[in-house]
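An overview of the molecular structure
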There are 2 protein chains.
Amino acid sequence: MEPERTVASTTEWIIDEAPGRDVTAAIPADFRLASGERLSADTLVGRIHGPTKGPLVVITGGISSGRFAARWWSWAVRHGGPVDLDRVRVLAFDLLPGKTEPGVTITTQDQARLLAVLLDSLNEARIDAFVGASYGGCVGQAFAATFPERIGELIVISAAHRAHPAATAWRGVQRRVLAFARDCGREAEGVSLARELAMTTYRTADEFDWRFATIAPAQAGEAYPVCEYLISRGADYAEATSADRWISLSDSLDRHAVAPEAIRCPLTLLGFTSDRLVPIEDLRELAARAPALRRFDEAGSIFGHDAFLKERELVGRTLHDALSPLYARQPDEIAA
Amino acid sequence: MEPERTVASTTEWIIDEAPGRDVTAAIPADFRLASGERLSADTLVGRIHGPTKGPLVVITGGISSGRFAARWWSWAVRHGGPVDLDRVRVLAFDLLPGKTEPGVTITTQDQARLLAVLLDSLNEARIDAFVGASYGGCVGQAFAATFPERIGELIVISAAHRAHPAATAWRGVQRRVLAFARDCGREAEGVSLARELAMTTYRTADEFDWRFATIAPAQAGEAYPVCEYLISRGADYAEATSADRWISLSDSLDRHAVAPEAIRCPLTLLGFTSDRLVPIEDLRELAARAPALRRFDEAGSIFGHDAFLKERELVGRTLHDALSPLYARQPDEIAA
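Because the structure is a prediction, the values reported are computed rather than measured.

Turning to the interface of chain A and chain B, a few remarks are in order. Listed per partner, the contact involves 48 residues of chain A and 48 residues of chain B. Summing the contributions of chain A and of chain B, the shared interface buries around 4100 Å²; its carbon and sulfur component is 63%. It is Arg176, Phe180 and Tyr224 of chain A that lose the most area in chain A upon contact with chain B, and together they represent 16% of the buried surface on that side. Summed over the shared surface of chain A and chain B, the number is four salt bridges. Salt-bridge contacts for arginine 176 of chain A lead to glutamate 196 of chain B; the nearest nitrogen and oxygen are separated by 2.6 Å. Linking chain A with chain B are 16 residue pairs in polar contact (both at pLDDT 80 or more). Listing elements by their share of the side of chain A that touches chain B, those giving two or more residues are helix 5 (165–183), helix 6 (187–202), helix 7 (205–211), helix 8 (225–237) and helix 9 (243–255) of chain A. The element best represented in the side of chain A that touches chain B is helix 5 of chain A, accounting for 13 residues. Considered class by class, the residues forming the side of chain A that touches chain B number 26 nonpolar, nine polar and 13 charged.

Attention now moves to the sheet that holds strand 6 (residues 89–93) of chain B. All names here are of chain B. Read across the sheet, eight strands follow the order 1-2-6-3-7-8-9-10 without closing on themselves; strand pairing throughout is mixed. Each of the sheet's edge strands pairs with one partner strand only, and the pair in question is strand 1 (21–26) and strand 10 (293–299). The average angle at which neighbouring strand axes cross in this sheet is 20 degrees, direction not considered. When strand 7 (residues 127–133) meets strand 8 (residues 151–157), the two strands line up parallel, connected through six bridges. Note on strand 8: the bridge partner recorded for valine 131 is isoleucine 155. This element, helix 12 (residues 312–329), spans strand 3 (56–60), strand 7, strand 8, strand 9 (267–272) and strand 10 of the sheet and lies at about 170 degrees to strand 8.

Moving on to the domain arrangement of chain A. Residues and elements named next belong to chain A. The domain boundaries assigned to chain A delineate domain 1 (7–162 + 256–335) and domain 2 (166–249). On a C-alpha basis, the centres of domain 1 and domain 2 stand 26 Å from each other. Contacts between the two partners involve 22 residues from domain 1 and, on the opposite side, 24 residues from domain 2. Carbon and sulfur atoms make up 54% of the surface buried where domain 1 meets domain 2, a total of about 2000 Å² over both sides.

Once that is clear, we can look at the sheet that holds strand 10 (residues 293–299) of chain A. All names here are of chain A. Within the open sheet, the eight strands sit side by side as 1-2-6-3-7-8-9-10. Their pairing is mixed. A strand with exactly one partner marks an edge of an open sheet, and here the two such strands are strand 1 (21–26) and strand 10. Averaged over all neighbouring strand pairs, the angle between strand axes comes to 20 degrees, with direction disregarded. Contacts from helix 4 (residues 135–146) reach strand 3 (56–60), strand 7 (127–133) and strand 8 (151–157) within the one sheet, and its direction differs from that of strand 7 by about 145 degrees.

These two copies of the chain differ by a rotation about an axis and a displacement along the same axis. Mapping chain A onto chain B is achieved by rotating through 180 degrees and translating by 0.0 Å along the same axis, at an RMSD of 0.0 Å. Considering both components of the superposition, the chain copies are consistent with a two-fold axis. Residue cysteine 184 of chain A of chain A places its C-alpha closer to the rotation axis than any other residue of that unit, at 3.4 Å. Take the interface residues of chain A: 100% of them recur as interface residues in chain B, which is what a same-surface contact looks like.

Let's shift gears to helix 6 (residues 187–202) of chain B. Taking 1.5 Å as the rise per residue, helix 6 of chain B with 16 residues should run 22 Å; its terminal C-alpha atoms sit 22 Å apart, in good agreement. Among the 16 residues that make up helix 6 of chain B, 13 are buried, leaving the element largely enclosed by the rest of the structure.

Let's shift gears to unusual backbone geometry. All names here are of chain A. With an omega of 5 degrees, the peptide bond running from leucine 96 to proline 97 counts as cis. Here proline 97 shows up in the loop between strand 6 (89–93) and helix 3 (108–121). Phi angles above zero are rare outside glycine, and asparagine 123 is one such case at about 60 degrees. Tracing the sequence through the fold places asparagine 123 in the loop between helix 3 and strand 7. The class of asparagine 123 is exposed, set by a relative accessible area of 72%. At serine 158, a position not held by glycine, the phi torsion is positive, near 55 degrees.

This part covers the packing of aromatic side chains. What the rule picks out here adds up to 20 aromatic pairs over all chains. Ring geometry for phenylalanine 208 of chain A against phenylalanine 212 of chain A: centres 6.0 Å apart, planes inclined by 55 degrees, an arrangement best described as tilted. Grouping residues by exposure puts phenylalanine 208 of chain A and phenylalanine 212 of chain A together as buried. Looking at phenylalanine 208 of chain A, the relative accessible area reads 1%, which means it is buried. An aromatic cluster of three or more residues is present, and its members are Trp72, Trp73, Trp75 and Phe308 of chain A. Above the ring of phenylalanine 68 of chain A, the side-chain terminus of arginine 71 of chain A is found at 4.3 Å from the ring centroid. Over the ring of phenylalanine 147 of chain B we find arginine 150 of chain B; its NZ or CZ atom is 6.0 Å from the centre of that ring.

Let's shift gears to the pairing of strand 9 of chain B. All names here are of chain B. Among the six residues in strand 9, six count as buried, and that is most of the element. Covered by surrounding structure in strand 9 are Leu267, Leu269 and Gly271 together with Thr268, Leu270 and Phe272, the residues of both alternating faces. Two elements, strand 8 and strand 9, share four bridges in a ladder whose sense is parallel. By the bridge assignment, leucine 154 is partnered in strand 9 with leucine 267. Both strand 9 and strand 10 contribute to a ladder of six bridges, which runs parallel. Of the residues in strand 10, the one forming a bridge with threonine 268 is arginine 295. In this fold, strand 9 hands off to helix 10 (residues 280–289), which returns the chain to strand 10; that crossover is right-handed.

Moving on to the environment of leucine 56 of chain B. Note that leucine 56 of chain B resides in strand 3. Here the alpha-carbon distance between leucine 56 of chain B and phenylalanine 143 of chain B, two residues 87 residues apart in the chain, equals 15 Å.

The rules behind each value
Residue positions are given per chain, counting from 1 as you read along its sequence in written order. Chain labels run from A onward and ligand labels from 1 onward, assigned in the order the entries are written. Side-chain atom pairs in this predicted model are given and counted only at pLDDT of 80 or more, local residue features only at pLDDT of at least 70, and totals for whole chains, interfaces and linings cover all residues. Excluding hydrogens and water, the side-chain figures rest on all heavy atoms present in the structure. Contact between two residues is taken to exist if any of their heavy atoms lie within 4.5 Å; hydrogens are not considered. Buried area: the accessible area, evaluated with a 1.4 Å probe, that two parts lose upon being put together, summed over both parts. Between Lys or Arg on one side and Asp or Glu on the other, a salt bridge is scored when a side-chain nitrogen of the former is within 4 Å of a carboxyl oxygen of the latter. Contacts described as polar in this section are N or O atom pairs within 3.5 Å, which, within protein, must combine one atom able to donate a hydrogen with one able to accept it, while residues neighboring in sequence count only if both atoms come from side chains. A helix here means a DSSP run of H or I that spans at least four residues, while a strand means a run of E at least two residues long, and both kinds are numbered starting from the N terminus. All amino acids are sorted into three groups, where Ala, Val, Leu, Ile, Met, Phe, Trp, Tyr, Cys and Pro are nonpolar, Asp, Glu, Lys and Arg are charged, and the leftover types, Gly among them, are polar. Following DSSP output, two strands are said to pair if at least two bridges run between them. Convention adopted: a line fitted to C-alpha atoms gives each axis, helices being fitted over their contacting stretch, and angles between N-to-C directions are expressed from 0 to 180 degrees. Start and end points for every domain follow an automatic or database-based domain assignment. We place the copies in one frame by least squares, fitting the C-alpha atoms of every residue whose pLDDT is at least 70 in both. Here, expected helix span is obtained from the residue count minus one, scaled by 1.5 Å. Here's how the labels work: a residue is buried when its accessible area is under 20% of the maximum for its type, exposed when over 50%, partly exposed in between, all with a 1.4 Å probe on protein chains only. Under the pairing criterion, centres of Phe, Tyr and Trp rings, with the six-membered ring standing for Trp, must be within 6.5 Å; the plane angle then separates stacked pairs below 30 degrees from edge-to-face pairs above 60, leaving the rest tilted. Note on geometry: a ring has a charge over it if NZ (lysine) or CZ (arginine) is within 6 Å of the ring centre and within 35 degrees of the ring normal. A clockwise course of the path from the first strand over the helix to the second, judged with the strands pointing away from the viewer, identifies a crossover as right-handed.

Here you go:
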């Protein structure tokens, strides 16, 4: 769920790497996850981007995302962008557990409570908006349901109120591949293999057909063109996470459940009809049951679940439209 | 691609296990695969079911199928069934390479040439019909294209003239999981894991949603209900094949390419709109380009690619309709 690392986006990264300052919150010693477990980390690290004053927008993406929102969502979170760093403050944070920590059983509500800890440490009683895509969309729903008084509005992209059993099927196989490779002492290879499988679920059959010819290799077991792509993406990811961290966050996606009726703030929802992990039917149900639906858009895309990273114009317009009331609200204060 | 092993089908197996007699053909010493490789096996084993005289129908199924057609397709290949063992002789054969043989690079044309070797040994110049489902549908196309004078008609279910790159993506990950586990010295576990992944591609998201509740286990890494199903199916399959055999036949599916224009015998085609491995669009193209299309049906099913095993009424009707000219042709001879 990382962005594609093309030359163009690398350039954007260089531009946007500078903004932001890290903030750290101590996790209270008595903080327990819903499972009863303790986190091994004792701090939560976030990053604030943009001006020193102005509306506060929290942004969380897929399980590979983290506090560098201007990096993993560089085209969206930038000066003058759909999430305009000239007009709003953006807070993003690192999802726990971290790469070097043991695995935990952690819910999206737990992630929302960790965000509340971070907000408390920043003396922020309330956020103006939560923008969540994929796993972040689940965390945003949990935050809105758990802390209704602390959120102005919620924007959810490519996420629903429940995990679909077909997505659980795919993620479950990934978790077992990760555990198998870890137990074989070849964890990095397991991370690559699981990433290969994950990529097939993030994208669509149509995209693979459009991009990749069927050119058979010399020998059975060797790579076809689509395999070369998957192998490359898997290899890039081998060191990105530990097996235990991925298992924890993958399970958290499957454990996700929020009653749409509990999301009482205004909700903007965007989904893609080609998304294999989050079927559009589930977003329709979320939209139908949410008590304060502001807007629900569904769109086609060749990019499936990864559309939230790839469909810049469409996603950008949704973000801009949802946040523009914040932009209009306090121009004098922000300009200061 | 095995049949479901329910109590009911087990009973059918017992009924149908008896019929048939094995036949063996020597593979010529100079037989080379298209890759230039030699098979390590020197014989090909088939099984003839039904009467001693009458039209000859060859049946081949998925890569897990073999000569026991009255076992793996027990509801279809039986006395009085859609493929009526009272009226036609049925020949099925074991796909090479076998479980204890080294992996090879083998095409669907190679499998068709092996069938020709078997037919020669039986002094059968010509078959009246080839019924092929999944991989068998690919082999049937290759046989019709390679030996147009040796086939009366072709019935293809859930197979197209090419491999779809999205299917290659999934199968490629399975092959790399198999090779990884083999190299770790834990081959049977790799076969189980690859089978779990395969099952997610044989079935549909709707079926998983219909069958499995989202009940979270106590701890991250443990199994959800859909995972328990996949783990069980994977465990059942751990000893069914070697990694090398599966890699060979999986690659053969991806290597499959037959020009529809080369299939000059009458063609009956049945596809399912929910099939994730063989998109219905590819069957439509096959139907549009085949010079002697007799009939093309497409149908919905909650079972996706496995519909050829599960949709008994629909598949049975297609088989019966396609084969009934054979049933009518020689009643006196068959009754003898």
